[in-house]
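Listed below, chain by chain, are the residues.
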Amino acid sequence: MQKVPFAKVACTGNELKYVTEVLESGWLTTAGKAQAFEHKFAEKLGVKYACAVNSCTAALHLGLEALGVQSGDKVFVPAMTFTASAEVIRYLNADPVLLDVEYGTNLITPKILEDAIAKNPDVKYLVVVHFGGHAAEMKNENKNGIMDICCRHGIKILEDAAHAFPSRLGDQMVGSFGDITCFSFYANKTITTGEGGMLTTNNEEFYRRVKVMRLHGINRDIWDRFTSDKPSWEYDVVAPGYKYNMPDVNAAIGLAQLEQADLFREERQKAVDYYFEQLNNIECLDLPICKVKNSDHSWHLFPVVLNDSAHISRNEFIEKMADLGIGTSVHYKPLHHMTYYKETYNLDSADYPNAERVWKGTVSLPLYPFMDLEDLKYVCESVISILASEKDLI
Ligand SMILES: Cc1ncc(COP(=O)(O)O)c(C=O)c1O
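Q: Looking at this structure, I do not really get the site of the ligand. What am I missing?
A: Close contacts around the ligand come from 16 residues, with T57, D160, S184, K189 and Y332 the closest. For the ligand, an oxygen atom lies 2.5 Å from a polar atom in the side chain of T57. Within the side chain of K189, one N or O atom sits 2.7 Å away from an oxygen atom of the ligand. Here the ligand has 390 Å² of accessible area as a free molecule, and 91% of this is covered by the chains.

Q: Would you mind showing me how to read the environment of E159 here?
A: Locating E159 in the fold gives a position in strand β5 (residues 156–160). On the basis of relative accessibility, which here comes to 0%, the residue E159 falls in the buried class. Distance in space between the C-alpha atoms of E159 and M173 is 12 Å, their sequence separation being 14 residues. Excluding anything up to four places from it in sequence, E159 contacts V128, H130, M138, V174, F177, G178, I180, T181 and C182. Here T181 takes part through its side chain, which lies 3.4 Å from a polar atom of the side chain of E159.

Q: Before we go on, may I ask you to explain empty space enclosed by the protein in this structure?
A: Inspection of every chain in the model, using the stated rule, returns 3 cavities of 30 Å³ or more. For the largest cavity, the calculated volume is near 80 Å³. Around the largest cavity, the lining comprises 14 residues; the ones closest to its centre are K8, V9, A10, K189 and R268. Put simply, the second largest cavity is a space of about 40 Å³. If you go around the second largest cavity, the residues you meet are F6, A7, N188, R268, H300, L301 and L367.

Q: Sorry, what's going on with the state of the cysteines here?
A: As used here, a disulfide is simply a covalent bond connecting the sulfur atoms of two cysteines. Applying the stated criterion to the full structure yields 0 disulfides. Of the cysteine sulfurs around C150, a residue in no disulfide, the closest is that of C151, at 8.7 Å. On the accessibility criterion, C150 (1% relative accessible area) is buried. Counting only cysteine sulfurs, C284 is the nearest neighbor of C380, a cysteine outside any disulfide, at a range of 14 Å.

Q: Help me out: how do you make sense of helix α6 (residues 146–153) in this one?
A: Structurally, the α-helix is built with 3.6 residues per turn, so residues lying three or four positions apart point the same way. The complete set of buried residues in α6 reads I146, I149 and C150. Looking straight down α6, one finds its buried side chains confined to an arc of 95°; they lie on one side. Every exposed residue of α6 that faces more than 90 degrees away from the buried side is listed here: C151 and R152. At its buried positions, α6 is contacted by α5 (110–119), β4 (125–129) and β5. A positive backbone phi angle near 65° is found at G154, which sits one or two residues after α6.

Q: Just to check I follow, could you spell out the environment of C182 for this structure?
A: Considering the arrangement of structural elements, one finds C182 in strand β8 (residues 180–184). Overall, the relative accessible area of 0% leaves C182 in the buried class. Distance from C182 to K139, taken between C-alpha atoms, is 18 Å for residues 43 residues apart in sequence. Apart from the residues lying within four places of it in its own chain, the contact partners of C182 are C56, A59, L60, L158, E159, D160, A161, A162, M198 and L199.

Q: Got a minute to help me understand helix α10 (residues 314–323) in this structure?
A: Taken together, the buried positions of α10 are occupied by R314, F317 and M321. For α10, the arc enclosing every buried residue in end-on projection is 55°, short of the 170-degree limit, so these residues lie on one face. Residues of α10 that are exposed and angled more than 90 degrees away from the buried face: E319 and D323. Considering only its buried residues, α10 is in contact with β11 (303–306), α12 (353–361), β12 (362–364) and α13 (373–387). G325 sits one or two residues past α10 and shows a positive phi near 80°.

Q: I'm lost on the sheet that holds strand β10 (residues 285–286) in this one. Help?
A: In a beta sheet, neighbouring strands pair by backbone hydrogen bonds and run either parallel or antiparallel. Here we have 3 strands laid out as an open sheet, ordered β10-β11-β12, and antiparallel in their pairing. Looking along the sheet, the strands with just one partner apiece sit at the ends: β10 and β12. As paired strands, β10 and β11 are joined by 2 bridges and run antiparallel to one another. Paired with D286 across the bridge in β11 is V305.

About the thresholds
Residues numbered from 1 in each chain as written. Predicted model: local features only at pLDDT ≥ 70, side-chain atom pairs only at ≥ 80, totals over all residues. Heavy atoms only, no water. Near = heavy atom within 4 Å. Polar contact = N/O pair within 3.5 Å; in protein donor to acceptor, adjacent residues only side chain to side chain. Areas by Shrake-Rupley, 256 points an atom, 1.4 Å probe, with all protein chains shown as cover. Helix = DSSP H or I, 4+ residues; strand = E, 2+ residues; numbered from the N terminus. Buried < 20%, exposed > 50% of the residue type's maximum accessible area, 1.4 Å probe, protein only. Contact = heavy atoms within 4.5 Å. 1 Å grid on protein atoms, 1.4 Å probe; cavity = no way out; pocket = protein on both sides within 12 Å on 5 of 7 lines; lining within 4 Å. Points joined across faces, edges and corners; volume = space filled by probe spheres on them. Disulfide = S-S within 2.5 Å. Arc of directions from axis to C-beta. Pairing = 2+ DSSP bridges.

Here is the structure:
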């Protein structure tokens, strides 16, 4: 039996109440709850538009389509991410150009981006991943942040904020920076709808396109055509769109989770503070680097790296943790190690030295809201005893 799981959903608010309202309404798919969720999410981020969809992958696909990515285009994307960030580029028959990431944050930095642009001047799109909930350096005081660089080179940005709600950079929330941002509400994320996602933008043209493409390319909101008293059957199809809408049952859960988002973030931070306090003196363990204010990080993940001085491998470490009943995960096996990307693009690991270093030793520790102090203690004591060198054990 697992004593401490890797992730655990907290449904501690109005989830049941709002879902019951949907069930009793007699209308289970997209309607008022999804609209309310969009409205409140946009309000929380301080953006004009939010579009609820059935996954972050769907949001990323819609986002790239709205930005105008076409067959044969090239799109920068970090090697150290989940396949969804890159597969959506292939949905549009465009090609990913993988970038190495910074060791410690797993982020694309302005420097990494500038070097990549110098080598690939024909790339006109970038997918930025706010890894683990840490905002990438979109802006900085020197006017040399990722957005500034992209603006100078005519590169459009899609932000993958699957991990990053609620995250901030300075006085702005992630979701309010670039052209389009996409969030995930998958079951283990910082807030969940079971499965679901949200796309945010301040650009009306992108918003209109996404709304049409989200539901079959139909030219108007049609959810009320089944519930309205007045005849409203007529609609037109203006593009071959997708079926990506978020049902109200999921949106109801999302609304309740959104109400608790700040509490959940604080709870995650408590666990993270404990990890930093207990694990910071282990020579063979590199802890994540936080370059933003601790409280601006959404702490979806706490990825540590067993460095070269560790006496066991990452895989052995994971097995020992599992034997002690502790769930862990790996974020990520980088994309250049995945058969599809490796073979299609003939990728060489030597081009991604930091991602390689991370991949060799990375493991994510359990992290979720309301983690028991006893469980946290148990995880830390287990990590320390597994990593203690043979000399220490004598
Ligand atoms: C970085 C990243 N992007 C995108 C996704 C896709 O999210 P979803 O499962 O909501 O489609 C994930 C899922 O874990 C992710 O980690």
